[in-house]
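Remarks on the overall topology
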Amino acid sequence: MMKQSYLTGVIEGQGYDERVKLYYGNDVQKTLLFDYWSYRFFSNEENELWINLNFGKDKFMPHAVKQLGDQIVFVPKFQNPELYYQSSGLLGLDWREYVERVAPELFVFPKQNWTDVWLSLNISLEGLSDIIEATIEDVLLLWLLSSNFHPPEPLVSFFPDYVEALASSILAEHPEHSPSVKDVLCMILNEEISLDFTSVEKAATDFIVTAYLLDKDESTKDWSALFFTHHNENNLLLAGTSVKFVMLGNTPADNK
């Protein structure tokens, strides 16, 4: 059973010199998400609440804070790092660096933990409670990152180049299932998939489809990608959470 991960944090200093350290993990292992001056922690962009994570280094990746069922997720905002530097005074990670340094870890935790951590740090919740729902694009992005795939060749874009390379890297899947993981990737490229957010829940372990990938160093990686139910409902799997998906248009069988 996957251990529940959560946020914890500490504050050092006072006033303008106040510094925040934010961690994500469980009792066994934790990841440092942010270590910097507190005034650089949050921003509001594109009508979203963003949290600027640097993972203890000198480069930042803004993440939109979103709701997914009864959980909170951090969604990386892949954008031109030079633009982010010009607009916010912070040197930004690009998506290639993010895949190398951060993936496949996803930041998913209970809503109550979001409230508790700021209360423990004595940080005002004003504005921090205005969290909007995750979109289909948000969840698909997180699902792709969970593959931990590192492409053998430099790619121009995350969509569609990364998705195409990921689909081509799949050597095998177990158990065999329709649609397969490769089918789902192709449906994403063709915009033939939608998500049903009414049944976001923890996934069991008995009905998981694992894809085996050939990575850039010619090693193989296993990706727990899909979850299906007794009733053959299909779900994307991310950080132990299942999100039901619906196929639009032609099914894979129709295209054979």
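Residues numbered from 1 in each chain as written. Predicted model: local features only at pLDDT ≥ 70, side-chain atom pairs only at ≥ 80, totals over all residues. Heavy atoms only, no water.

1. Points about the sheet that holds strand β2 (residues 19–25)
Pairing is antiparallel in the open sheet, where three strands are placed in the order β1-β2-β3. Each edge of the sheet is formed by a strand with only one pairing partner; in this case those strands are β1 (6–12) and β3 (30–37). Between one strand and the next, the sheet's axes are offset by a mean angle of 15 degrees, whatever the strand orientation. Examined bridge by bridge, β1 and β2 share seven bridges and lie antiparallel to one another. (Pairing = 2+ DSSP bridges. Helix = DSSP H or I, 4+ residues; strand = E, 2+ residues; numbered from the N terminus. Axes fitted to C-alpha atoms, helices over the stretch in contact; angles between N-to-C directions.)

2. Here we look at the pairing of strand β14 (residues 234–238)
With five of five residues buried, β14 lies mostly within the body of the structure. The two faces of β14 match: Asn234, Leu236 and Leu238 on one face and Asn235 and Leu237 on the other face are all buried. Two elements, strand β13 (residues 220–228) and β14, share three bridges in a ladder whose sense is antiparallel. By the bridge assignment for β14, Leu226 is matched with Leu236. In sequence, β13 turns back onto β14 through a hairpin of five residues, with Asn232 there showing a positive phi of about 60 degrees. (Buried < 20%, exposed > 50% of the residue type's maximum accessible area, 1.4 Å probe, protein only.)

3. Examining the side chain of Ser146
Along the polypeptide, Ser146 turns up in the loop between α4 (136–145) and α5 (158–169). Accessibility expressed as a relative area gives 15% for Ser146, which makes it buried. Leaving out residues up to four positions away in the same chain, Ser146 has contacts with Pro104, Leu106, Trp223 and Leu237. (Contact = heavy atoms within 4.5 Å.)

4. Concerning the packing of aromatic side chains
All chains considered together, the criterion is met by 27 aromatic pairs. Between Trp143 and Trp223 the ring centres are 4.7 Å apart and the planes differ by 40 degrees, which places this aromatic pair in the tilted class. Taken together, the positions of Trp143 in helix α4 and Trp223 in strand β13 put the pair 80 residues apart, joining distant regions of the chain. Considered together, Trp143 and Trp223 belong to a single accessibility category, that of buried residues. Over the face of the ring belonging to Trp37 we find Arg19, whose NZ or CZ atom lies 4.7 Å from the ring centre. (Phe/Tyr/Trp six-rings, centres within 6.5 Å; stacked < 30°, edge-to-face > 60°. Lys NZ or Arg CZ within 6 Å of the ring centre and 35° of its normal.)

5. Here's the deal with α5
All buried positions along α5 are accounted for by Phe158, Tyr162, Val163, Leu166, Ala167 and Ser169. One side of α5 holds all its buried residues, which, seen down the axis, span an arc of 160 degrees. Taken together, the buried residues of α5 touch α2 (95–101), α4, β10 (170–174), α6 (181–189), β12 (208–214) and β13. (Arc of directions from axis to C-beta.)

6. Here's the deal with α6
Of the residues making up α6, those classed as buried are Val181, Val184, Leu185, Met187 and Ile188. Looking down the long axis of α6, one finds its buried residues gathered within 160 degrees of arc, a one-sided arrangement. Positioned one or two residues after α6, Glu191 has a phi angle of 55 degrees, which is positive.

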